Amino acid sequence: MKTFLQLLGFLRPFLGGIGLSVLASTATIASSIGLLGTSAFLISSAALQPSIAALQVAIVGVRFFGISRGVFRYLERLSSHSINFKLLANMRVWFYQALEPLSPARLISYQSGDLLQRAVGDIEVLENFYVRVIAPPLAAILITLGVGLLFGSWNPSLEGVLISGLLLGGIAVPIITYHMGRNPGQTLVKVRAEMSASYVETLQGLADLLAYGQETAVRQRLGNLEQKLSAAQMRLAWAGGSGNALGQMTANLTLLMVLIIAIPLVSTGKLEGVFLAVISLVVLASFEAVSPLPQAAQMLEACLASARRLFELADLEPAVKEPPKPLPAPAAGAISLRNITFRYDESLLPVLQQVDLSLPPGRKIALVGPSGAGKSTIMALLMRFWEPNSGTIVLDENDYRLYRSEDTRRIFALVSQSTYLFTATLRQNLLLAKADADEADLVRVLDQAGLQDWFRQLPGGLDTWLGERGQQMSGGERQRLAVARMLLQDAQIVLLDEPTAHLDAITERQLIETLHAVLVNRTVLWATHNLVAMDWMDEIVVLDGGQVVEHGTHDRLLQSSGLYAHLWKIQNSELIPDL
Ligand code: ADP
């Protein structure tokens, strides 16, 4: 019920349009009833060969209802689909806005294919919500009231039979269909999500799957999912078919009952003969109002299942809370971590313990330590993707949490180990860092990042298409492009999270030299497990097991014979004697 009410909340901005579309839908069905009723009257009366003048009203009625039915149907489709598309557009924006603050902390436990299915597939299922689930019952209520009044004016027993028939077809049959379609509807939504997740994962890792000879296993897994999907679709089709059949049967039984009552009324002269056909056809036409309801009931479950998947994500609490009254954007003089302890989850051990780190303006600090020491975690906390469990991050003398996370992120430029390049042109990938940069800026940063030779031989210059995730570029070129982006961003503090991690030794050296050249006047925090060119740094902070175990300059740390000196020795010896 809560999900249903939450979904109804999305219809609030469209109340006026909904009123119009329901009226148009009611008028369409009323016109159908009018058309069949007047036609029946016309044919029955004409059989008695009256003067043409006596038939004039009925003839005009047939014309009128014939035309009005088409016009109202058009208006109903126009208004309901307009509401529907606006509703879907609102939902897509809402869902994206809900996802944004959840990234990356809350989203890492979801598979990309599953997220894609929610954002695209589940929202698409909801296109049925207004048109198929909400509008038809409203029109059905109005029509039932209308024909009830009409029949009541003829005969109360006829009215009773028709209303009972309509209630049976409009309530009992949909309830049966709902129960028949409930499980397969939920299964369908679940299996579709599983399929989407499996397909995306399989495609992403296809090369590895082929290399390990997993073709048959993959085919089998996808085949099993396909089977589950078609079984659910089959059961849904059964439920739908049964709903239709039961609806038809109810209509015909109601007609039979009406005839059983009406025929004696004609024989006893209480009802004019010509009205027998009118009543019969009006009864059948009235069921046009309730015939979409079994499908509405079936769609309701699919819509609720999809909506639950959307709300499940949208209702998640973001890992980072925004302050109710944020301070103005920081100028970012100095930033420091004070006594920070952090764990990724309550159930996990702390990844950082009582970490202190101070980054004054213009200083270059290296964050070194073995893999898993917590270097990237510090970067993630600075970027405010997560919040520390205890301790504070102080920015310009204020607690970090007093600023909007968007404002704090803006003071950093981050180059990570694997840069994400969008499937777009070189220009679009650069403009991500600074939307209003001009051509000269873009060429300048490419030159500074050491990409001049690569850039000059590109066929389309800045408008060259970089292909899927920039896979046409080498690892070194991709990282240099990340450096160019960072330069363009012109942020006060540069965070380098192992930017050379996936590069060969020569490329690594070249990129480090480039970075040294371009970062001369910047504040830098450089995380690395590779101790190359460390004498360039003002201070080295050594992390181990989430704790700062040493800090100082390269020379002093080498003399102190601690972890840093040990790591340095290992990296600079050709043979490692103690391994
Ligand atoms: P480093 O950058 O020094 O290699 P990280 O900061 O990436 O280390 O990781 C520190 C520890 O935190 C590792 O033990 C890693 O397994 C764990 N870790 C990293 N990310 C997550 C996460 N999202 N959830 C749980 N544990 C994580």
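Counting restarts for each chain, with residues numbered from 1 along the sequence as it is written. The model is predicted, so local features are restricted to residues of pLDDT at least 70 and side-chain atom pairs to those at 80 or more, both for listing and for counting; the totals for chains, interfaces and linings are taken over all residues. The side-chain figures draw on all heavy atoms in the structure; neither hydrogens nor water molecules are used.

Caption draft 1: Broad picture of the overall build of the protein. Elements are defined by DSSP. Helices are runs of H or I of four residues or more, strands are runs of E of two residues or more, and each kind is numbered from the N terminus. A tally of helices and strands in the protein yields 19 helices and 10 strands. In terms of overall dimensions, the protein is more spread out than a globule: its C-alpha atoms have a radius of gyration of 35 Å, far above the 25 Å expected for 579 residues. A principal-axis box enclosing the C-alpha atoms of the protein has dimensions of 120 × 50 × 50 Å. Going through the 579 residues of the protein one by one, you find that 46% of them count as buried. A fraction of 75% describes how many contacts in the protein between residues 6 or more apart in sequence connect residues 24 or more apart. Each accessible area is a Shrake-Rupley estimate made with a 1.4 Å probe; only the visible protein chains count as cover when residues are assessed. Per element, the accessible surface of the protein, about 29100 Å² overall, is 59% carbon and sulfur. With 45 positive and 51 negative side-chain charges, the protein shows a separation of 9 Å between the mean positions of the two kinds. We take the radius of gyration over the C-alpha atoms and set the globule estimate at 2.2 Å times the residue count to the 0.38 power. The classification of residues rests on relative accessible area computed with a 1.4 Å probe and restricted to protein chains. Under 20% of the type maximum is buried, over 50% is exposed, and intermediate values are partly exposed. When checking whether two residues touch, look at their non-hydrogen atoms; a contact exists if any pair is within 4.5 Å. Counted as positive: Lys and Arg. Counted as negative: Asp and Glu, with His and the chain ends omitted from the count. The atom standing in for a charge is NZ when the residue is Lys, CZ when it is Arg, CG when it is Asp and CD when it is Glu.

Caption draft 2: Main features of the sheet that holds strand β5 (residues 398–399). With antiparallel pairing, 4 strands are arranged side by side in an open sheet as β2-β1-β4-β5. What marks the edges here is a single partner per strand, and that holds for β2 (352–359) and β5. With 5 bridges connecting them, strand β1 (residues 335–342) and β2 associate as antiparallel partners. Among the inter-strand pairings, Ser 336 is bridged to a residue of β2, identified as Ser 358. This element, helix α11 (residues 375–382), spans β1, β2 and β4 (390–395) of the sheet and lies at about 115 degrees to β1. Pairing between strands requires that DSSP locate at least two bridges from one strand to the other. Each axis is a line fitted through C-alpha atoms, and for a helix only the stretch in contact is used; angles between axes span 0 to 180 degrees, taken between their N-to-C directions.

Caption draft 3: Examining the sheet that holds strand β9 (residues 539–544) more closely. The strand order across the open sheet built from 6 strands is β6-β7-β8-β3-β9-β10, with neighbouring strands paired in mixed fashion. On the outer flanks of this sheet lie β6 (412–415) and β10 (547–552), each paired with one strand and no other. Averaged over all pairs of adjacent strands, the angle between strand axes in this sheet comes to 15 degrees, irrespective of strand direction. Here 4 bridges tie β6 to strand β7 (residues 493–497), and the two strands are oriented parallel to one another.

Caption draft 4: Structural view of the packing of aromatic side chains. Between the rings of Phe, Tyr and Trp (Trp by its six-membered ring), a pair exists once the centres lie within 6.5 Å; its type follows the angle of the planes, with under 30 degrees stacked, over 60 edge-to-face, and the other angles tilted. For the structure shown, the criterion picks out 14 aromatic pairs. Relative to Phe 311, the ring of Trp 94 lies with its centre 5.5 Å away and its plane at 65 degrees, an arrangement referred to as edge-to-face. With Trp 94 in helix α3 (residues 52–99) and Phe 311 in helix α10 (residues 293–314), this pair connects stretches of sequence that are 217 residues apart. Residue Phe 311 is classed as buried on the basis of its relative accessible area of 6%. Seen in terms of ring centroids, Phe 151 and Trp 154 are 5.2 Å apart; in terms of plane orientation they differ by 70 degrees. Their pairing is edge-to-face. You can see Phe 151 and its partner Trp 154 sitting in helix α5 (residues 127–154), 3 residues apart, about one turn around the helix. Residue Trp 154 is classed as partly exposed on the basis of its relative accessible area of 29%. An aromatic cluster is defined as three or more aromatic residues linked by ring pairs; in this entry it consists of Phe 10, Trp 94, Phe 95 and Phe 311. Sitting over a ring, as applied to charges here, requires NZ of Lys or CZ of Arg to be within 6 Å of the ring centre and within 35 degrees of the ring normal. Over the ring of Tyr 400 we find Arg 384; its NZ or CZ atom is 5.4 Å from the centre of that ring.

Caption draft 5: Representation of helix α14 (residues 439–448). Buried within α14 are the following residues: Asp 441, Leu 442, Val 445 and Leu 446. Down the axis of α14, the buried side of the element spans an arc of 130 degrees, and every buried residue falls inside it. Packed against the buried residues of α14 are α13 (426–431), α15 (452–456) and α16 (475–489). Just downstream of α14, Gly 450 is the residue with a positive phi angle, here 80 degrees. Working note: the arc is built from the helix axis to C-beta atom directions.

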